[in-house]
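Chain residues, written in single-letter form:
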Amino acid sequence: MTVNITSISTSSNGVWQGDNPLDFAFPLLIVQTTLILALSRFLAFLLKPLRQPKVIAEIIGGILLGPSALGRNQNYLHRIFPSWSTPILESVASIGLLFFLFLVGLELDLSSIRRSGRRALSIATAGITLPFVCGVGVAFVLRKSVDGADKAGYGTFLVFMGVALSITAFPVLARILAELKLLTTQVGETAMAAAAFNDVAAWILLALAVALAGDGEGGEHKSPLISLWVLLCGAAFVIFMMVVIKPAMSWVARRSPDNHSVDEAYICLTLAGVMVSGFMTDLIGIHSIFGAFVFGLTIPKGGGFAERLIERIEDFVTGLLLPLYFASSGLKTNVAKIRGLEAWGLLVLVITTACAGKIVGTFVVAMMCMIPARESLTLGVLMNTKGLVELIVLNIGKEKKVLNDEMFAILVLMALFTTFMTTPIVMTIYKPVRTHRRLRDFSNVDSSKYDLRILACVHGPGNVPSLISLIEATRSAKKSQLKLYVMRLVELTERSSSIIMVQRARKNGFPFINRFRRGQSQDRVEVAFEAYGQLGRASVRPTTAISSLSTMHEDICHVAEEKRATMVILPFHKQWKGEGYESMENMGNGWRGVNQRVLKNSPCSVAVLVDRGFGSGPQQTLGPTSTVIKRICILFFGGPDDREALELGARMAEHPAVKVTVIRFVEKDGSDSKDIILRPSPEKSNEQSYSFSTAAMDRRRRRWASSLNIH
């Protein structure tokens, strides 16, 4: 059925006046958006155990809603996704894409790329050069084998295929690394730096491809001067943005202090700048997303201005608009266009070539950089991640008529497969071996030959005083030197900009923790531990854990293993506050579960610090010449955990300001625990229901937490 799009009204008069809302643009857009979000979220839930990035669910959702699956029913397709609604849906989705690329540019720190060194640059160069050459080679085969592939200009088609096979999706890779607990490892940092190099090169190549493409068809007959003018104007645009706009945005950022709200006029000015930059590159002849990306690069990365921008626009863009773009890619993917064994063989050829080019190129150069074989192979698989940026390239290629329906479907499936395979393969080939370490293993070792390494975890500033007091009590001049690794525990949400915290961590050692009062919290924690380290009381090295609560324990255990920590200190999930410490703040059962899983899986001893004001009062923080006496009581029942507490107490006893008391409980012969009656104290407990149980204790295998009371 042919529809004149100019006759489509925005809103209906309602069913009571005989109008079908699905025949009107805005109600239909609401239905389409709701359907896409519901299906993509459901698929994301199903794929969560496989640790797949959200973009996989969104692409699959679009394919299922499109002509490959549900769209085979023509009544459904013409009613829910009619052809006249496609420009409207894609226009709304393109706004989301425009601002998303602005966020990508905002999060991409060029200075950190420059600091990444020759190793990351070499890996990125190999990871983009070899696949690009392989893509050009495959383009010759596809051009002769796929009907209609020869309509686009020869050079344009070769460049697009090279770019499509050589791209690494920086935002998707960051999410995968976070899920796999590799974000703060050497492999993760190298992969992120190389992917950032790759990202910049990919956008330059994409700008070149778009400049060469023109309108796609008949590109061979277009004057080369046109492409040259487009490239020159694009270069002039980038220079103007870096020379003129970047200093202007730096001035705006300086006018927006970290701890104060940003002026609404500056926010509106920046959002308008995104739109204007996109319009200018579209006017030049390069896609509008390139302008938004470059404008994002001009925003200063330090300070609160960039953070406020992310807060304002990220949830709306990544949660609502961006899924529409990826789903629209799936809607345009018709798997039925891949007909016959030859077409499916071409799909296998494209996937094999893309994987071989990325993995082999990265692996060889990583080995030349003296990276071990297993880590080199892991880097190759990680750099093979496609997904998000790949789809942008493919959509531009289809929009410019460089790719027909069959080619588009083949390349979308290639991007889907290569991204899907990353997580399971990395989990298979990269499994660090863990060994359990205990304090008493070093009790008979010469103290000058080893460092006592402690991994101390904190939720926020409230944990700092008691933690420093405990560490100072543990530090002994008579025994080994102390190395303290301070880990800030950050819950990873669905917000893609959580990854920006890792880039911050590389600069100052601490991530930004929560969205509210983030700068103030970070300053207090950072200053406290920096001051403690500068006084020479311990070697303090900050690190980060950015994970969902369900997998946070894996990150903690991995860092404990990597840093060869002897003990992990965890903050209790409840914190007492106020005068007399009568009020209590509960961090939630999620954090309690984190502690429980660390206790179960840790490669070393674990201590849970229950803070009832230890170190929070005046003159409570210990020092070598402190006159404040800390009294420590160790309740010793027997078993491995109690012996660990006893070993820790022995270290504390050597501190001049610590007095240790050990109370040993001995089982009396002939006593029977059945005569013991447990009752709650009505004066000290408000709980309505209680449950008590007793169990026989095997002292040789006991793994419960020991009691170490500090007053």
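Rules and cut-offs
- Residues numbered from 1 in each chain as written.
- Predicted model: local features only at pLDDT ≥ 70, side-chain atom pairs only at ≥ 80, totals over all residues.
- Heavy atoms only, no water.
- UniProt positions renumbered as here; feature names shortened; annotations may be inferred.
- Helix = DSSP H or I, 4+ residues; strand = E, 2+ residues; numbered from the N terminus.
- Buried < 20%, exposed > 50% of the residue type's maximum accessible area, 1.4 Å probe, protein only.
- Contact = heavy atoms within 4.5 Å.
- Areas by Shrake-Rupley, 256 points an atom, 1.4 Å probe, with all protein chains shown as cover.
- Salt bridge = Lys/Arg side-chain N within 4 Å of Asp/Glu carboxyl O.
- Patch = residues over 30% accessible without salt bridge, like charges linked within 9 Å, V, L, I, M, F, W, Y side chains within 5 Å.
- Phe/Tyr/Trp six-rings, centres within 6.5 Å; stacked < 30°, edge-to-face > 60°.
- Lys NZ or Arg CZ within 6 Å of the ring centre and 35° of its normal.
- Axes fitted to C-alpha atoms, helices over the stretch in contact; angles between N-to-C directions.
- Parallel < 35°, antiparallel > 145°, perpendicular 65-115°, else oblique.
- pLDDT = per-residue confidence, 0-100.
- Pairing = 2+ DSSP bridges.

Looking at an unreviewed UniProt entry, the protein chain carries the name Cation/H(+) antiporter 20, with the source organism given as Vitis rotundifolia. Of the comments in the UniProt record for the protein chain, the one headed Sequence similarities (unreviewed entry) reads "Belongs to the monovalent cation:proton antiporter 2 (CPA2) transporter (TC 2.A.37) family. CHX (TC 2.A.37.4) subfamily." Per UniProt, the protein chain carries the Subcellular location (unreviewed entry) text "Membrane".

Visitor: Can you lay out the overall build of the protein chain for me, pointing to particular residues and giving the numbers?
Guide: Looking only at helices and strands, the protein chain features 23 helices and ten strands. Per-residue burial for the protein chain yields a buried fraction of 51% across its 711 residues. Partitioning the intrachain contacts of the protein chain with sequence separation of at least 6 by distance along the chain shows that 80% fall at a separation of at least 24. Counting only carbon and sulfur atoms, one obtains 58% of the accessible surface of the protein chain, whose full area is about 33200 Å².

Visitor: Give me the lowdown on the environment of Ile-128, citing residues and values where you can.
Guide: By the element assignment, Ile-128 lies in helix H6 (residues 117-145). Residues Ile-128 and Met-383, spaced 255 residues apart in sequence, show a C-alpha to C-alpha distance of 9.4 Å. The residues contacting Ile-128, other than those within four sequence positions of it, are Ser-166, Asn-198, Ala-201, Ala-202, Leu-205 and Lys-358.

Visitor: Outline helix H8 (residues 170-179), listing residues and values.
Guide: Three- or four-residue spacings in an α-helix give side chains the same orientation, since the helix completes a turn every 3.6 residues. In terms of residue burial, H8 counts as a mostly covered element, since nine of its ten residues are buried. Along H8, the residues classified as buried are Phe-170, Pro-171, Val-172, Leu-173, Ala-174, Arg-175, Ile-176, Leu-177 and Ala-178.

Visitor: Explain the side chain of Glu-375 to me, and be specific about the residues and the numbers.
Guide: For Glu-375, the position within the fold is in helix H15 (residues 373-383). For Glu-375, the residues in contact, after removing those within four places along its chain, are Val-187 and Tyr-430.

Visitor: Explain the environment of Ala-164 to me, using residue names and the numbers behind them.
Guide: With respect to the secondary-structure elements, Ala-164 resides in helix H7 (residues 154-166). Given a relative accessible area of 1%, Ala-164 falls into the buried group. As a C-alpha pair, Ala-164 and Val-393 span 229 residues in sequence and 6.6 Å in three-dimensional space. What Ala-164 contacts, discounting residues up to four positions off in sequence, is Lys-386, Glu-390, Leu-394 and Met-414.

Visitor: How would you explain the pattern of salt bridges if you had to name every residue and give the values?
Guide: Under the definition given, this model contains five salt bridges. For Arg-79, the salt bridge is made with Asp-23, and the minimal N-O distance between the two is 2.7 Å. With Arg-79 in helix H3 (residues 74-80) and Asp-23 in the segment before helix H1 (25-47), this residue pair connects regions lying 56 residues apart in the sequence. In this structure Asp-23 comes out as partly exposed when scored by relative accessible area, which is 38%.

Visitor: Describe in detail a nonpolar patch on the surface, supporting the description with residues and values.
Guide: Side chains of Leu-130, Val-360, Val-364 and Met-368 sit close together on the surface and give an oily, nonpolar patch of about 350 Å² of accessible area. Counting residues per element, the nonpolar patch draws most heavily on helix H14 (residues 340-368), which supplies three residues.

Visitor: Report on the packing of aromatic side chains, specifying residues and quantitative values.
Guide: A complete count under the given rule lists five aromatic pairs for this structure. Ring geometry for Phe-637 against Phe-665: centres 4.5 Å apart, planes inclined by 10°, an arrangement best described as stacked. Placement of Phe-637 in the loop between strand E8 (630-636) and helix H23 (640-653) and of Phe-665 in the loop between strand E9 (658-664) and strand E10 (707-710) is noted, with a sequence separation of 28 residues between them. By relative accessible area, which is 34% here, Phe-637 ends up partly exposed. Across from the ring centre of Phe-408, 5.8 Å away, lies the NZ or CZ of Lys-398, which sits over that ring.

Visitor: With reference to specific residues and values, describe the packing of helix H18 (residues 464-474) against H23.
Guide: The geometry of H18 relative to H23 is characterised by a closest axis approach of 7 Å and an angle of 80° between their N-to-C directions. In terms of orientation, H18 lies roughly perpendicular with respect to H23. Where H18 approaches H23, its residues Leu-470, Ala-473 and Thr-474 are matched on the opposing element by Leu-648, Arg-651 and Met-652.

Visitor: Quick rundown of the confidence of the model for the protein chain? Include the residues and the values.
Guide: Confidence in the prediction for the protein chain averages 77 pLDDT; 77% of positions are at 70 or higher. Here helix H19 (residues 500-508) stands out as the element of the protein chain with the lowest mean pLDDT, 46, in contrast to H14, whose mean of 92 is the highest. Overall, residues 684-695 carries pLDDT values under 50, and its contacts beyond four positions in sequence, including any with other chains, amount to five contacts. Between residues 702-707, whose pLDDT stays under 50, and residues either more than four places distant or in other chains, the model counts 17 contacts.

Visitor: Any chance you could break down the packing of helix H16 (residues 388-399) against helix H17 (residues 405-429) for me, citing the residues and the numbers?
Guide: Remark: H16 packs on H17, axes separated minimally by 10 Å, with the N-to-C direction vectors making an angle of 180°. Relative to H17, the element H16 lies roughly antiparallel. Of H17, the residues touching H16 (which contributes Glu-390, Leu-391, Leu-394, Asn-395 and Lys-398) are Asp-405, Phe-408, Leu-411, Val-412, Met-414 and Ala-415.

Visitor: Any chance you could break down unusual backbone geometry for me, citing the residues and the numbers?
Guide: Of note in this structure, Arg-51 is not a glycine but carries a positive phi near 60°. When you line up the elements, Arg-51 lands in the loop between H1 and helix H2 (54-65). Positive phi values are uncommon outside glycine, yet Lys-401 reaches one of about 65°. Within the secondary structure, Lys-401 is located in the loop between H16 and H17.

Visitor: So what's going on with the pairing of strand E4 (residues 567-571)? Residues and values would help.
Guide: Judged by how many residues are buried, E4 sits mostly within the fold: five of five residues are covered. Bridge count between strand E1 (residues 451-458) and E4: three bridges; the pairing is parallel. Note that in E4 the partner of Ile-454 across the bridge is Met-567.

Visitor: Quick one: what's the story with the environment of Leu-108, residue by residue and with numbers?
Guide: Checked against the element boundaries, Leu-108 lands in the loop between helix H4 (86-107) and helix H5 (110-114). Linking Leu-108 and Leu-297, residues 189 residues apart in sequence, is a C-alpha distance of 7.0 Å.

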